[in-house]
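Fold and geometry: a report
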Amino acid sequence: MILVWLISILFVGGIIAWLSERINPAYPRIIALITVVLDLLLMLSVLGSEPNAGGWIASVNAEWVPRFGISFYLALDGLSVLLILLTGFLGVIAIGSAWDEIKERAGFFYFNLLWTLAGVLGVFTALDLFLFFFFWEVMLIPMYFIIAIWGHENKNYAAMKFFIFTQVTGMLMLVSILMLAYFHLVQIGNLSFDYHDLLRIEMGNQIEMWVMLGFFVAFTTKLPSVPFHSWLPDAHSQAPTAGSVILAGILLKTGAYGLIRFAVPLFPEASLSFAPIAMTLAAISILYCAKVAFAQTDIKRLIAYTSVSHMGFVTLGIYAWNEQALQGAVMTMLAHGLSAAALFMLAGGLQHRIHTREMPDMGGFWVKVPRMAVVALFFSVAALGMPGLGNFVGEFLALLGAFQANIPITVISAFGLILASVYSLWVIQMIFHGEYTDKKIDDSHLTDLNGREMFYFGAMMLGLVWMGMYPQSFLNLSQPVLVELLNNTQSIFAAVVQN
Amino acid sequence: MITTLADLLPLMPLLITTATTIVAMIVIGIRRNYAVTAGITIAGLLIASLVAVSMISTTNSQVTPLLIVDQYSLFFTVLICVTAMLITIFSFPYLANLDDSKEEYYLLLSIATIGAIVMVSSNHFVSTILGLETLSMSLYGMVAYPVHSKLADKFPLEASVKYLVLSAAASGILLFGMALIYAQTGTLEFSSIVNVTKETPGLGTGFAIVALIMVFIGIAFKLSLAPFHMWTPDVYEGSPLPATTYLATIGKSAMFVVLLRFIVTTEALSFDSIILVISLVAIVSILAGNLLALLQNSLKRILAYSSIAHMGYLLIALVASYYVQGAISVEAVTFYLFAYMVMSIGAFGVISIVSSSEKEFDDIDDYQGLFWRNPWLALVFTGMLLSLAGIPLTVGFIGKFYLFFAGVEAGLWTLLVVLILGSGIGLYYYLRVVYRMLLSPKGGERFKSGGSQYMGAHGVLAFVLALLLILGVYPTPLVSIIETISLNIL
């Protein structure tokens, strides 16, 4: 039941926040904050409970549309817990970052924000594939509104591109889901969208590959990975800061989660034969987008491309499909969630202060905003994979695991770490170092980080240090889930290898 | 065969609608009163739909060879009567200021409803034609209704004549096809036509195929499927909004029910060439409808082109009916028609509530910033547009889910790819309208839609929006009803 509460609190909170605007324009943000904090507390309360035999901490299963064997089936295991905690945490941060920035139509903004979060929680917990698809799409519409209403100069184009990319590939996934359900009908005799039921289906090699591709395309568009990444830089550069935080921190992770939970376990054979291609795409994402990032002058576009690059390590880890690599992928998801969100908030904070995102116009800001500079340095260093911080643990584990699966691709991908240092430090140099010139920009509002901002940047730093210094506390949660997933596919892999 | 009074009982909804027309006519003869005429029409249609609802679980009979009253036809009878009633409610404020006699409009509307009820109950070519012509004749009148008005905003006469001429031509083709089938089989009953596809003693298979294709073309014209769609945008644009709504909802769905019954009963799809023709028409309709809608600035025209695409989507489920076991594709068609009617009433309803016979606001510019000027209407409109685009939380998504499901089960991969492409393109023009509503308002006329005479219309919008969301989240009740009634078709 607690899962229903987790999601419905956000839905209801969103509506209340919207309506409260009529009473006082300051209420929506307060209500939104209370709602998400309440949700976060609920999530933390789940942590203590013991998982049942199947490894599920909490679950709820009710009939929904019996005609199609669709049920309202939510369940939570160690992997989902990590991701919903990330969602709750970044939800609070996103509200913090919107606190002063969103003045117009605040009620509707927080409504959309909370509904996006609710959709994401649904995605991370749904185990009925129809329900999963339902939430997958539900999180898009409010995100579309966030970009289209509160975005910057080219918001219509960016919002439309975001929506069409994800929606069209989502329909491919819908076809794949329906094919799975149909195979269940043919082989077992009834329609079902239940994850556990669908795991048992067997398909011919060729058809399995096609069905798997439907999922793969949908997930790698969201992740994103080359060649489906081109919506991301536009969406990020146009979205308001809170939108970027949600997008980079959480929404991208739903794609990775989908790969781990659905794409590989449902289609082990096809995934095994597809792995070299997926890993190649990952390597291309890592290197190509790192290179492209270096060519950007718009700071948000740059961070967006680095996101694609870092997500490449996640794909790499997932398709290596061993314990270390998967743990690395999960750690990267969490750590990148924090570091990318923080970088987007810094970029958004800068844009809010000086009304430009163009780096050539900036320079020498260290003297003007020393606190911001230090914070930016911290998160840049985190993003480039400095040992002691979360991103390092994730990317290191991912590469370590991938090395066992495919040496050449791993070796090539590892160069991504070098490129990451180049662009990360380059950003710091462009913005904060050098002579301070104020010719091109209006710096009258260029003030240093205030207490509220320091608070949430501090919280995120703490998170990254914790992940880097004591990753075991996170790994312990996801480990049983990943081992279970691996065991389920191992026998099938063994059979394939023998043949 | 002697027909007793008891045999006519299943025709109660039809008889009540007819009685409504007569009563309204007499009342107009005695004393013209706009509100009373509209009230009689609404009450009559309401009673007819309630009676149909009460009959639905027990009735299943063939009344004369012409009409079949089974659960399926009653389901659509209810749907049509309710839709007609809702359109009457929208028409009331729309026509209130017309500088001409306005009571007769409601006569036309209820006569058209009679035709539609006959169509959904028909499994015989004679009743199909009777129903179709009753419906079309009244629609010509409804489309041209404000023709004597000096203030008419659009071009009702042009629309009506265009519709009349092209529609008559299509009826001609349809009749020719029927005549060919009659020459072949000596019967006009759908169920006896099965022979035309199984064995062709007379003039050979080529003959039968031509006959079936001519019937299909006649119907495709009325459904505005490409390449027979040319009339749609002009007629939609030129007609007064309530007439457009009627044409788009009841006109389309009654015709589609006939097509469905005809195709399923006669097993016309056992000819490969018929499947090919229908598939091609589906593909062309989806692509043409969606692509041409991209270029429009008039909401009426956008919805016209999008209706072409939606009819194309429906054909996919129709083709699937040949391949799949069980009634799933019939259910898909039924659910989608239901969903399509809900969303169309809502979408046209929003436009007609802000318009009147003197001034129609159908340009996309008129709706800029509607979210901030009139949040309620914008909310309804957004819901309808997202539903038309097939986004979850709305009934349109469940409808599209059905179509995908039927397509996957039938293995119609090409058509599914076209469906995905079409939906992708469709997103663009639906979102374009949504986006315009989100922008900051810029001057211009404010909509008048607050008066007491609009109460009913706002109530209808609320009802339709509730239906859209509730069935989008929890479709189970409707799904199980449709599952039961669809068995009647097979």
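Residues numbered from 1 in each chain as written. Chains lettered and ligands numbered in written order. Predicted model: local features only at pLDDT ≥ 70, side-chain atom pairs only at ≥ 80, totals over all residues. Heavy atoms only, no water.

**Considerations on the overall build of chain B**
- Tallying secondary structure elements over chain B gives 19 helices and two strands in all.
- At 21 Å, chain B has a C-alpha radius of gyration in line with the 23 Å of a compact globule built from 490 residues.
- Across its three principal axes, chain B shows a C-alpha extent of roughly 70 × 55 × 40 Å.
- When each of the 490 residues of chain B is scored for burial, the buried share is 65%.
- Long-range pairs, those at least 24 residues apart, make up 81% of the contacts in chain B with a sequence separation of at least 6.
- For chain B, the computed accessible surface area is about 15,900 Å², with 69% contributed by carbon and sulfur atoms.
- Considering chain B, the positive charge centre built from 20 side chains and the negative charge centre built from 25 side chains are found 10 Å apart. (Helix = DSSP H or I, 4+ residues; strand = E, 2+ residues; numbered from the N terminus. Rg over C-alpha atoms; globule rule 2.2 N^0.38 Å. Buried < 20%, exposed > 50% of the residue type's maximum accessible area, 1.4 Å probe, protein only. Contact = heavy atoms within 4.5 Å. Areas by Shrake-Rupley, 256 points an atom, 1.4 Å probe, with all protein chains shown as cover. Lys, Arg positive; Asp, Glu negative; His and termini not counted. Charge placed at Lys NZ, Arg CZ, Asp CG, Glu CD.)

**With respect to the overall build of chain A**
- Secondary structure assignment for chain A yields 20 helices and two strands.
- A globule of 499 residues ought to have a C-alpha radius of gyration of about 23 Å, and chain A, at 22 Å, matches this closely.
- Projected onto its principal axes, the C-alpha positions of chain A cover 70 × 55 × 40 Å.
- Counting contacts in chain A only where the partners sit at least 6 residues apart, residues at least 24 apart contribute 81% of the total.
- Accessible area of chain A: about 16,900 Å², with a carbon and sulfur share of 66%.

**Observations regarding the interface of chain A and chain B**
- Taken together, the contact between chain A and chain B spans 37 residues of the former and 40 residues of the latter.
- Summed over both sides, the interface between chain A and chain B buries roughly 3,500 Å², with carbon and sulfur atoms accounting for 84% of that surface.
- If you look at where chain A meets chain B, you find two salt bridges.
- Between Arg67(A) and Glu483(B) there is a salt bridge; the shortest N-O distance is 3.6 Å.
- Connecting chain A to chain B are three residue pairs in polar contact (both at pLDDT 80 or more).
- Within the residue set of the side of chain A that touches chain B, elements represented by two or more residues are strand S1 (58–65), helix H4 (106–125), helix H5 (129–138), helix H6 (140–150) and helix H7 (155–188) of chain A.
- Broken down by class, the residue content of the side of chain A that touches chain B amounts to 31 nonpolar, two polar and four charged. (Buried area = accessible area lost by both parts, 1.4 Å probe. Salt bridge = Lys/Arg side-chain N within 4 Å of Asp/Glu carboxyl O. Polar contact = N/O pair within 3.5 Å; in protein donor to acceptor, adjacent residues only side chain to side chain. Nonpolar A, V, L, I, M, F, W, Y, C, P; charged D, E, K, R; others polar.)

**Re the layout of surface pockets**
- If you add up the space inside the largest pocket, you get close to 940 Å³.
- Forming the walls of the largest pocket are 33 residues, and the residues nearest its centre are Phe11(A), Phe111(A), Trp115(A), Leu393(B) and Leu469(B).
- Of all the secondary-structure elements, those providing two or more residues to the lining of the largest pocket are helix H1 (2–20), strand S2 (70–76), H4, H5 and H6 of chain A together with helix H15 (375–389) and helix H18 (455–473) of chain B.
- The leading source of residues in the lining of the largest pocket is H1(A), at seven residues.
- Split into classes, the residues belonging to the lining of the largest pocket amount to 28 nonpolar, five polar and no charged.
- Size it by volume and the second largest pocket reaches roughly 700 Å³.
- Around the second largest pocket sit 32 residues that line it, and Tyr195(A), Leu199(A), Glu484(A), Leu485(A) and Asn488(A) are the ones nearest its centre.
- For the lining of the second largest pocket, the secondary-structure elements that each account for two or more residues are helix H8 (195–198), helix H11 (241–266), helix H12 (268–294) and helix H20 (472–498) of chain A.
- At nine residues, the largest contribution of residues to the lining of the second largest pocket is made by H20(A). (1 Å grid on protein atoms, 1.4 Å probe; cavity = no way out; pocket = protein on both sides within 12 Å on 5 of 7 lines; lining within 4 Å. Points joined across faces, edges and corners; volume = space filled by probe spheres on them.)

**Brief notes about empty space enclosed by the protein**
Residue and element names in this part refer to chain A.
- Going through the model one piece at a time under the given rule, you end up with nine cavities of 30 Å³ or more.
- Estimates place the volume of the largest cavity at around 180 Å³.
- Ile299, Ile303, Leu343, Ser380 and Val427 are the residues nearest the centre of the largest cavity, which is lined by 19 residues in total.
- Of all the elements in the fold, those that place two or more residues in the lining of the largest cavity are helix H13 (299–320), helix H14 (323–354), helix H16 (370–383) and helix H18 (407–432).
- Top contributing element to the lining of the largest cavity by residue count: H18, with six residues.
- If you add up the space inside the second largest cavity, you get close to 80 Å³.

**Focus on the pattern of salt bridges**
- Inspection of every chain in the model, using the stated rule, returns 21 salt bridges over all chains.
- Here Arg105(A) and Glu104(A) are joined by a salt bridge, their closest N and O atoms 3.7 Å apart.
- Between Glu158(B) and Lys162(B) there is a salt bridge, and its shortest N-O distance comes to 3.8 Å. In this pair, Glu158(B) and Lys162(B) are both assigned in helix H6 (residues 156–185), four residues apart and thus about one turn of the helix distant.
- For Glu158(B), a relative accessible area of 45% gives the class partly exposed.

**Thoughts on unusual backbone geometry**
- The omega angle of the peptide bond from Val226(A) to Pro227(A) is 5°, so this bond is cis rather than trans.
- By the element assignment, Pro227(A) lies in the loop between helix H9 (205–222) and helix H10 (231–238).
- Cis geometry is found at the peptide bond from Ala226(B) to Pro227(B), where omega equals 5°.
- By secondary structure assignment, the location of Pro227(B) is in the loop between helix H8 (205–222) and helix H9 (231–238).

**What to know about the UniProt feature "domain: NADH:quinone oxidoreductase/Mrp antiporter transmembrane" (unreviewed entry) in chain A**
- According to UniProt, the positions carrying the feature "domain: NADH:quinone oxidoreductase/Mrp antiporter transmembrane" (unreviewed entry) are residues 126–413 of chain A.
- A distance of 33 Å separates the end C-alpha atoms of residues 126–413 of chain A, which is 81% helix and 0% strand. (UniProt positions renumbered as here; feature names shortened; annotations may be inferred.)

**Examining a nonpolar patch on the surface**
Residue and element names in this part refer to chain A.
- Together, Phe294, Phe403, Ile407, Val411, Phe415, Ile418, Leu419 and Val422 make up an exposed nonpolar region whose accessible area comes to about 700 Å².
- At six residues, the largest contribution of residues to the nonpolar patch is made by H18.
- Note that Val411 resides in helix H18.
- Take Val411: its relative accessible area is 41%, and that puts it in the partly exposed class. (Patch = residues over 30% accessible without salt bridge, like charges linked within 9 Å, V, L, I, M, F, W, Y side chains within 5 Å.)

**Quick look at the pairing of S2(A)**
Residues and elements named next belong to chain A.
- Judged by how many residues are buried, S2 sits mostly within the fold: six of seven residues are covered.
- In this structure, S1 lies alongside S2, joined through seven bridges in antiparallel fashion. Note that in S2 the partner of Ala58 across the bridge is Leu76.
- Hairpin connection, S1 to S2: the antiparallel pair is bridged by four residues, and Gly69 has positive phi, about 65°. (Pairing = 2+ DSSP bridges.)

**Focus: helix H19 (residues 451–469) of chain A**
- Given a rise of 1.5 Å per residue, 19 residues ought to cover 27 Å, and the 26 Å separating the end C-alpha atoms of H19(A) matches this to within 8%.
- Where H19(A) begins, one side-chain oxygen reaches toward the backbone nitrogen of Arg452(A), 3.2 Å away; that side chain belongs to Asn450(A). (Expected span 1.5 Å × (residues − 1).)

**Structural notes on the packing of aromatic side chains**
- If you walk through the whole model with that rule in mind, you get 67 aromatic pairs over all chains.
- A centroid spacing of 5.4 Å and a plane angle of 65° characterise the contact between Trp64(A) and Phe130(A), whose relative ring orientation is edge-to-face. Separated by 66 residues along the polypeptide, Trp64(A) in strand S1 and Phe130(A) in helix H5 bring together distant segments of the chain.
- Ring centres 4.6 Å apart and planes at 50° place the aromatic pair Tyr429(B) and Tyr430(B) in the tilted group.
- Classification of Tyr429(B) by relative accessible area gives buried; the value is 0%.
- The buried category is assigned to Tyr430(B), whose relative accessible area is 4%.
- Between the NZ or CZ atom of Arg67(A) and the centre of the ring of Phe68(A), over which it lies, the distance is 5.3 Å. (Phe/Tyr/Trp six-rings, centres within 6.5 Å; stacked < 30°, edge-to-face > 60°. Lys NZ or Arg CZ within 6 Å of the ring centre and 35° of its normal.)

**Some points on the confidence of the model for chain B**
- Per-residue confidence for chain B gives a mean pLDDT of 90; residues scoring 70 or more make up 96%.
- Element-level mean pLDDT values for chain B span from 71 in helix H7 (residues 190–198) of chain B up to 96 in helix H4 (residues 104–120) of chain B. (pLDDT = per-residue confidence, 0-100.)

**Some points on the packing of H10(A) against H11(A)**
All names here are of chain A.
- Axis separation between H10 and H11 bottoms out at 8 Å; the angle between their running directions is 140°. Classified by the angle between their axes, H10 and H11 sit oblique to one another. Contact residues: H10 offers Trp231, Leu232, Ala235 and His236, while H11 offers Ser244, Leu247, Ala248 and Leu252.
- For the contact of H10 with H11, the class distribution of residues is six nonpolar, two polar and no charged. (Axes fitted to C-alpha atoms, helices over the stretch in contact; angles between N-to-C directions. Parallel < 35°, antiparallel > 145°, perpendicular 65-115°, else oblique.)

**Overview of the packing of helix H1 (residues 12–30) of chain B against H4(B)**
Residue and element names in this part refer to chain B.
- For the pair H1 and H4, the least separation of the axes is 9 Å and the interaxial angle reads 165°. As summarised for this structure, H1 and H4 are arranged roughly antiparallel, according to the angle between their axes. In this structure, the crossing between H1 and H4 has a hand that is left-handed. Of the residues in H4, those touching H1 at Pro13, Leu14, Thr17, Thr18, Thr21, Ala24, Met25 and Ile28 are Glu104, Leu107, Ser110, Ile111, Thr113, Ile114, Ile117 and Val118. (Left-handed = near helix turned anticlockwise from the far one by under 90°.)

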